[in-house]
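Below, each chain spelled out in residue letters.
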Amino acid sequence: LTRSENRFARLFDVNPDAVFLFDLEKRCFKDVNTGFTRLTGWSRDEAAGRNAVDLGLWIDREKRDELFRLLQHSTTVHGFRARFRKRAGEEFWGEISLSTVEEGGTVLALATTRDVTEQVHAEQSIAESRAQLITLINSTDDLIWLVEPVQFGLTLFNKTFADSVRHGLHAEPRVGLRPSDLMPA
């Protein structure tokens, strides 16, 4: 048992992500690892017995409430994203995954939080670029459509192409259809 506890303690502490045990009844941190300290700026001693609101970690309290609502219906949550604030005030996007565990009659959440700020910014940049591309291709009277190279299914088309197919071929274009699906034999 001692070896098992020591192994768990080592695994808990060496994880580069923020890992923590959270008492769901008392709504406070029971333990945090060094990854938590690196990510948030709060030490193990400072976090113990306090909660994320006390530490000012949650930026959007609605997201915190949403996470607790999810926990009322499930014992696990994976890939939950929210914005957080570090001790020094810097904001970051975190992705939380957790499972509830029981320890000595107390229900705890064993959770990890990974900093996904760069990923979120990349996704936002891609979405913005895609929106600009859609605006650009819809601003021309030329027919524009893209197909994927294996099945030749439509992946993107502009309004002019859609209108032309609707009026000229009396068909409704949609992503996944092949141009041959739209045209009469």
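Conventions used here
Residues numbered from 1 in each chain as written. Predicted model: local features only at pLDDT ≥ 70, side-chain atom pairs only at ≥ 80, totals over all residues. Heavy atoms only, no water. Helix = DSSP H or I, 4+ residues; strand = E, 2+ residues; numbered from the N terminus. Buried < 20%, exposed > 50% of the residue type's maximum accessible area, 1.4 Å probe, protein only. Patch = residues over 30% accessible without salt bridge, like charges linked within 9 Å, V, L, I, M, F, W, Y side chains within 5 Å. Areas by Shrake-Rupley, 256 points an atom, 1.4 Å probe, with all protein chains shown as cover. Salt bridge = Lys/Arg side-chain N within 4 Å of Asp/Glu carboxyl O. Expected span 1.5 Å × (residues − 1). Arc of directions from axis to C-beta. Contact = heavy atoms within 4.5 Å.

Chemist: Sorry, what's going on with unusual backbone geometry here?
Modeler: The phi dihedral of Arg27 is positive, around 55 degrees, even though this residue is not glycine. The residue Arg27 is located in the loop between strand E1 (18-23) and strand E2 (28-32) in this model. Looking at Arg27, the relative accessible area reads 38%, which means it is partly exposed.

Chemist: Help me understand a nonpolar patch on the surface in this model?
Modeler: On the surface, Leu143, Trp145, Val147 and Phe152 cluster together to form a nonpolar patch covering roughly 390 Å² of accessible area. Assignment of secondary structure puts Leu143 in the loop between helix H5 (117-138) and strand E6 (145-147). Since its relative accessible area comes to 45%, Leu143 is described here as partly exposed.

Chemist: Would you mind showing me how to read helix H4 (residues 61-73) here?
Modeler: Since one α-helical turn is 3.6 residues long, residues separated by three or four positions face the same way. Taking 1.5 Å as the rise per residue, H4 with 13 residues should run 18 Å; its terminal C-alpha atoms sit 19 Å apart, in good agreement. All of the buried residues in H4 are Arg64, Leu67, Phe68 and Leu71. End-on, the buried residues of H4 take up no more than an arc of 95 degrees, which puts them together on one face. Opposite the packed face of H4, turned more than 90 degrees from it, sit the exposed residues Glu62, Gln72 and His73. Residues of H4 that are buried sit in contact with E1, strand E3 (76-85) and strand E4 (91-103).

Purely geometric numbers; function is a separate question.
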